[in-house]
Structure formats: C-alpha cells, structure tokens
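Residues per chain, in single letters:
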Amino acid sequence: MKKRYILCLALAIMLIFMSAALANPIIFDDAKLLTESEKQEVQTALQKVADNYQVDIAVVTLSSLPANVATGDYANTLLDQINSGEKGNMVFLLNMGERDFYVATDNKLRNIIYETEGVAYMSEAFLPKLKSQDYADAFVLVAQKTGELCNFYAENGRPWRQEDGGAAGDGSGLLTDVLTALILAGGVTFLVRSALIASMKNVRMASNANAYFSDGSFRLSAEKDTYLYTDISRKPKRREKEGSGVTTTSSDDRHGGGGGKF
Amino acid sequence: MADTSVNYTCPSCNAPLSFKPGASKVSCEYCGAQIDMQAMEEMFAEKEAAAAAAQAAKESKWQTGGSEAWEAEEAAMMTAFTCSSCGAEIVADRNTMATECCYCGNPTMLPNRFEGMARPDLVIPFKKTKEEAVAALKDFYKGKRLLPDAFTANNRVEDIQPMYVPFWLFDVAVEADATYRASNTETTSTADEIITHTSYYRCTRTGQMKFERIPVDGSEKMDDAFMESIEPFDYSELVPFTPAYMTGYLADKYDVDAERAGRRADERLETSAEGKLRETVTGYDHVEIDGGTTVLKEDNAVKYVLAPVWILTTKYEGKPYTFMLNGQTGKMVGSLPIDKGKLMKYTVGTMAASFAVIFALAQVIFG
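Quick caveat: nothing in here was measured; it's all calculated off a predicted structure. (Residues numbered from 1 in each chain as written. Chains lettered and ligands numbered in written order. Predicted model: local features only at pLDDT ≥ 70, side-chain atom pairs only at ≥ 80, totals over all residues. Heavy atoms only, no water.)

**Q** Can you help me understand the interface of chain A and chain B in this one?
**A** It is common to give the size of an interface as the accessible area lost on bringing the parts into contact. Counting residues at the interface gives 53 residues for chain A, matched by 69 residues for chain B. Of the roughly 5300 Å² buried between chain A and chain B on both sides combined, carbon and sulfur atoms contribute 59%. One salt bridge in this structure joins Asp225(A) and Arg205(B), with 2.7 Å as the shortest N-O distance. Listed by contribution, the elements that provide at least two residues to the side of chain A that touches chain B are helix H7 (172–198) and strand S5 (219–236) of chain A. Per-element accounting of the side of chain A that touches chain B gives the leading share, 18 residues, to S5(A). Here the residues of the side of chain A that touches chain B are counted per class, giving 25 nonpolar, 14 polar and 14 charged. (Contact = heavy atoms within 4.5 Å. Buried area = accessible area lost by both parts, 1.4 Å probe. Salt bridge = Lys/Arg side-chain N within 4 Å of Asp/Glu carboxyl O. Helix = DSSP H or I, 4+ residues; strand = E, 2+ residues; numbered from the N terminus. Nonpolar A, V, L, I, M, F, W, Y, C, P; charged D, E, K, R; others polar.)

**Q** How do you make sense of the packing of helix H5 (residues 115–131) of chain A against helix H6 (residues 135–156) of chain A when you look at a structure like this?
**A** Angle between the axes and distance between the axes: these two values describe a pair of packed helices. All names here are of chain A. The geometry of H5 relative to H6 is characterised by a closest axis approach of 8 Å and an angle of 160° between their N-to-C directions. The angle between the axes of H5 and H6 places the two elements in the roughly antiparallel class. Handedness of the H5/H6 crossing: right-handed. Of the residues in H6, those in contact with Gly-118, Tyr-121, Met-122, Ala-125, Phe-126, Lys-129 and Leu-130 of H5 are Tyr-135, Asp-137, Ala-138, Leu-141, Val-142, Lys-145, Thr-146, Glu-148 and Leu-149. (Axes fitted to C-alpha atoms, helices over the stretch in contact; angles between N-to-C directions. Parallel < 35°, antiparallel > 145°, perpendicular 65-115°, else oblique. Left-handed = near helix turned anticlockwise from the far one by under 90°.)

**Q** Would you explain helix H6 (residues 258–278) of chain B in this entry?
**A** Note that an α-helix has 3.6 residues per turn; residues three or four places apart therefore point the same way. When the terminal C-alpha atoms of H6(B) are compared, their 29 Å separation across 21 residues agrees well with the 30 Å that a helix rising 1.5 Å per residue should span. All of the buried residues along H6(B) are Ala261(B), Gly262(B), Arg264(B), Ala265(B), Arg268(B), Leu269(B), Ser272(B), Ala273(B), Glu274(B) and Leu277(B). (Expected span 1.5 Å × (residues − 1). Buried < 20%, exposed > 50% of the residue type's maximum accessible area, 1.4 Å probe, protein only.)

**Q** Would you take a moment to explain the pairing of strand S10 (residues 193–217) of chain B for this structure?
**A** On any regular strand, side chains alternate: one points to one face of the sheet, the next to the other face. Where S5(A) lies against S10(B), 16 bridges are found, and the strand directions are antiparallel. Of the residues in S10(B), the one forming a bridge with Thr226(A) is Arg202(B). Pairing geometry for strand S9 (residues 159–189) of chain B and S10(B), over 22 bridges, is antiparallel. The partner of Tyr180(B) across the bridge, within S10(B), is Cys203(B). Linking S9(B) back to S10(B) in an antiparallel pair, the connection comprises three residues. (Pairing = 2+ DSSP bridges.)

**Q** Would you explain the confidence of the model for chain A in this entry?
**A** If pLDDT is low for a region, its predicted coordinates should not be looked at in detail. The pLDDT averaged across chain A works out to 83; a share of 84% of its residues lies at or above 70. Segment residues 1–5 of chain A is flagged for pLDDT under 50; beyond a separation of four residues in sequence, or across chains, it makes five contacts in the model. (pLDDT = per-residue confidence, 0-100.)

**Q** Which parts of the structure should I look at to understand the pattern of salt bridges?
**A** One side chain can pair with another of opposite charge once the charged atoms of both are near each other. In the structure shown here, the tally under the stated rule is 19 salt bridges over all chains. Glu98(A) serves as the salt-bridge partner of Lys261(A), at 3.9 Å between the closest nitrogen and oxygen. Taken as a pair, Lys261(A) in strand S6 (residues 255–261) and Glu98(A) in the loop between strand S3 (88–95) and strand S4 (100–106) lie far apart in primary sequence, 163 residues in all. For Lys261(A), a relative accessible area of 48% gives the class partly exposed. Notably, a salt bridge pairs Lys342(B) with Asp149(B), separated by 2.8 Å at the nearest N-O pair. Of the two residues, Lys342(B) is situated in helix H7 (residues 340–366) and Asp149(B) in helix H4 (residues 149–153); the sequence distance between them amounts to 193 residues. Salt bridges sharing partners connect three or more residues here, namely Glu98(A), Asp100(A) and Lys261(A).

**Q** When you look at the side chain of Arg268(B) in this model, what are you seeing that I'm missing?
**A** Here Arg268(B) is to be found in helix H6. The class of Arg268(B) is buried, set by a relative accessible area of 2%. A distance of 2.9 Å separates the side chain of Arg268(B) from the backbone oxygen of Asn208(A), its partner in a polar contact. If we ignore the near neighbours within four places in the chain, the residues touching Arg268(B) are Ala206(A), Asn208(A), Ala209(A), Tyr212(A), Pro215(B), Glu228(B) and Glu231(B). (Polar contact = N/O pair within 3.5 Å; in protein donor to acceptor, adjacent residues only side chain to side chain.)

**Q** Please clarify how a nonpolar patch on the surface should be interpreted in this entry.
**A** Residues Val357(B), Leu361(B), Val364(B) and Ile365(B) make up a contiguous nonpolar surface patch of about 410 Å² in total accessible area. Along the polypeptide, Val357(B) turns up in helix H7. (Patch = residues over 30% accessible without salt bridge, like charges linked within 9 Å, V, L, I, M, F, W, Y side chains within 5 Å. Areas by Shrake-Rupley, 256 points an atom, 1.4 Å probe, with all protein chains shown as cover.)

**Q** What is the right way to read the environment of Lys25(B) from this model?
**A** Positionally, Lys25(B) belongs in the loop between strand S1 (6–7) and strand S2 (26–27). Sequence spacing of Lys25(B) and Met37(B) is 12 residues, and the spatial spacing of their C-alpha atoms is 5.9 Å.

**Q** What is the right way to look at the pairing of strand S13 (residues 286–316) of chain B in this model?
**A** Residue and element names in this part refer to chain B. Bridging between strand S8 (residues 122–123) and S13 involves two bridges; their strand directions are parallel. Within S13, the residue paired with Val-123 across the bridge is Leu-306. Two strands pair when backbone bridges link them, and S13 and strand S14 (residues 319–326) are joined in this way by eight bridges, in the antiparallel orientation. Its bridge partner being in S14, Lys-315 is matched across the sheet by Pro-320. The hairpin turn running from S13 into S14, its antiparallel successor, is two residues long, and Glu-317 in that turn takes a positive phi close to 50°.

**Q** So what exactly am I meant to see when it comes to the packing of aromatic side chains here?
**A** Here a ring pair, both rings aromatic, is described through the centre-centre distance and the interplanar angle of the planes. Tallying each qualifying case throughout the model produces 21 aromatic pairs over all chains. Centroid distance Tyr212(A) to Tyr235(B): 6.3 Å. Interplanar angle 40°. Geometry classified as tilted. Residue Tyr212(A) is found in the loop between H7 and S5, and its partner Tyr235(B) is found in the loop between helix H5 (224–229) and strand S11 (239–240); the two belong to separate chains. Taking relative accessible area as the criterion, Tyr235(B) reaches 14% and is therefore assigned buried. Ring geometry for Tyr227(A) versus Tyr201(B): centroids 5.5 Å apart, planes at 65°, classification edge-to-face. (Phe/Tyr/Trp six-rings, centres within 6.5 Å; stacked < 30°, edge-to-face > 60°.)

Here you go:
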C-alpha cells in the first residue's frame, strides 16, 4: 500500500520534473510558501550551484504526506527522477503536514555531502530560517551550503567532516591548515629557540641532594592513609549533531542524506 | 723584618716548589728532588708559625699607625704581606690563604690566615692542569650555535687561576615527616551523562634516611650557582689536608661558617627527603604535598674540605665572562654570550622550515 502511494505521488509530479528537465533547477512549491520574486531569488541561488559545481538541486514543498509515508523515502523517490547534475543531484523536500525536512542526495553527491554529517552542516544554517518561516532564505541557504560543501570537496579532495570544524566552503579548509601549521611551527620554534638559549648556559642551583642520598638507608617507619571523601561530578554527554536537527535518514545503497523536524 | 709569608722552597736547591696535579709527592722542577707530603708539612711547620707570628706583629703595628689613604673598611678587607722570596709586599684580601707573588711568581702561603679558623679536614687535590682547563674551555664553546663568531675568533683567556675553594660537607641522618593529599578518579558512563567519582585521601609518611657529604661552598665570593653546578666531586679521592697541596695554587679560607652553610644543605635535603617519602605514596592517580616537610636531624657531622676549581676569565665587548672547571673531574660550567643576529636567524629559519614541513605533511596526510 505504502509503495503504491509513493509511486502514484511520484508519477504525479514526475511530469513536472520532466517538463522542467531542460530548465534546471527545479522548484516545486506545492505548499505555496514562496512568492514569485522569492522563487526567482531561490532559482538564482540554485542555478549558481549548478553553474559552479554541476550539482542540480530540486526544492519541493508539499502540504502533506500520508502518515505512513516517510518524508525521506518520498524524497528519494523524487530524486530517482532527476539525473541532470553532472557531479550530483539533490532533492530538498519540505513536508509541511509533519513539519519535516529532508535532504536526499544521489551516490555522486553522497561523496561530496558526507551522510548526515554534511546534512547537519547545512541544517545548522537553514533550520532557524525554517523555524521562523523565512522559507525563501532557508532555500537560498540550502543552495549556499551545498556550494560550500562542494567547494570544500574541490579544495580538499574529500568531503567535509564534523572534525574539520568551521565553515566548509569559504576556503577555511586551507586557512585552517595554514593556521594550524603556523601554531605548530610556532611551538616547534619556541622549543628549538629555548633549547638553543639553554645550551649557552649550564650554571644553575641544585634543586636537591639526591646525589648524596645514602643507598639503602631509607626506612619507612610510619604510614597512614585516611579516606576523606568522594566528590561526584556529572557531565551531560555531548550529543552528536546536537543543534543540527538531523534526526532521521532514509539512506540506502543508492541514496544518501538525512532530515528532521523544524 | 721577619718573613710574613712562607714560600715552599726545595730543601736541596732552594727553588720554589709546586704541587703538580695528580702527583702524590711535591717535586722540585729544578733539581728533581721528591719530597713526601708528611715530611714537607713537618719541614715547614716551624716556618709557618714564625711567619704567622711575624705577620701578627706587623698587623699590630700597621693598625696603630693607620694609613689615612685607606678607608677603614678597605683596610679591613686587604692586608700586606712580605714575600719571603723577593721581599716584595703582596696585598691580598683577608680570606686568601695561598697565592703567588705578583713580582717573582713564587707560590706563597699566608699562614697567619689559618689562625682562629678551623683547619681543613680534607682536601681534594687538583687533577686537571692549566692546559687541560684551557682545552676544556675550548671544548665548552663547541656546538654552541648562538655563540658570536667574534667571541671565539678574538678569544683569549684573560686570566686563569687554580683555587682551592672551601667547602663544608654535611653528613646527616634525618627523620622526615610529610603529609600528602592523594586522589583516585573513576569514570563511569550512562546513556546521558559521564559520571566522575574522585575519592580523596590524606596520607602521612614518616621515614629515616641518610645523606652523605652534601657539599656547600664556604666562600662568600664564590657564586653558589657556579659551585653547585660543578658538582659532583669524586669523594673517593679525598685525602687528609696538608698545606703542601696548596703550593702553587690560590686558596681561600671560609667566610661562610658551617652553621650558615648548613641552611643551604637543609634546603636541598628537605627536597630529597620529601621526594623519598612521596615515592611510598602509591596506588593513587594523583599525589600532591599537603603542607611542608618536617626534617629532624638525628645525627650529623660536618667536614671542612678544600676542593679544586679552575677559574677562567675572558672578555667580550668589554664585559667579563667567568667560567669554572671542576679541578678534579673536569666539568666546565659558565654562561656564554648570545649573538642576537644568530638567534633571529635560527628563529626565523626554524619557523619557516617547520611550517613548510608541517603544512606539507598535513596536505599529504589529510588531503
């Protein structure tokens, strides 16, 4: 039943996707969230990603989906209908009925936007806009963040990962490497410099009389260990992706990505 | 005028005698006579007593006369002696026990300086010669990348003096008490939080231990840092003191008495005693001293010793640089000037090279 419904819905909008296939990117605003000028604004942002990184993004908003249809599954089905992006394709789906969002990526883009970590990087930026109902801004941010992740991949030859920290696409990968190398080089220089200066002087007061300790003379005559108290501290575990809002994924062997609530 | 100093001269040819480093007897460089230490000490004991008496008499006269050219403080610091070899007046500070005549070069003892003072119990004879001291200084320069080129190029040793420095050696058996604060930390984890249990303990320790021959220099004018840096001496070569060992060398008598010097020995042994007790506080993740360490001396003995030190002085850009060599072991200590240009060059070079290597490695490893 679930499969049949997904197929029906997919077929319904497939025609729209096909008709728009020659005019990438795609905006399908079934939930009527965007004005014409906002659509134009989003279109420009999506086009920029397509031009710069050969990645096509479809933005789809739906008023609702049946309760038994997962937003992620539906986004994956839509994604299967487009294959125009040379380096990857993405469907960004908003299900206004459940207030779900989902970022579906094909396997090409999956290498660039690394699983839920990449989606979390994007959602940290657009989720506040979705919550404040600034949908156009949110969609523009989806495009921008996709561009940043593509840029990071182009510069580093690998997808952005959480441990990279910072922004991904503003050239900070290189900047971070430079800064890290500078700090480490500064540390090495300090140690070498200190060692060179220290080598110029060997005059210092003795700190102890260990050299004059009479071997075998030590005898421990009294020892007492008294338990005093125990201090207990509790620290909440840092939740992975906390704040990103990415809580679900429908990824399989052909699809990547993830989604959550807004 | 009676001689107020004693030259150790050869009983055979009357030439001046010097003790050679590493020798067991005093030998005459001119006629080759070998004189045993004991025999030499007895031979010159009477001369030393006479010289001391003569100097005492001279000082008595000189003090009543009072030269107006000297301030009282200056006069108190310096005294004139008559060289028994050439008759010249030798001026030395009041702690000098042995020196050499600046006119004829004869090694000279100033016996009246021993009066009222403890006689050294032991002496560590010089083993390193002047040539070895100069060579050791040159070796000390090696590998010092920040040394100014001009320092080594124009370097000549301005002054080199062998000196017996007064040391106090402290033997002590102590009982030490210390209290430590120790803790063990255990971390557990639930689904939501990390829980850290830190248990604290108070650990008291009492122990007995002995220290043997902690050296503290007894000379005010010798820099303590230098003296502690040339440690250790090999005490197995300590021999009973005889003034004969001082022939040809400078020697100071102590002006820091054993009680004052003992405070420095206390500081050092307290640190060591605390460290020994700390080693027994085991089974804890973290241990720190809680309060001070109490060290009670149970049994102690002090020996007055003369230890051999070569003092070498050089000048660079008008500033004197002093180096000291352990006259027994050959350990050289001192502070060298730093070429600021070289320091900058090495700093910038290291920064550039390490940055290039680290950045390249980061690119290779992390892509």
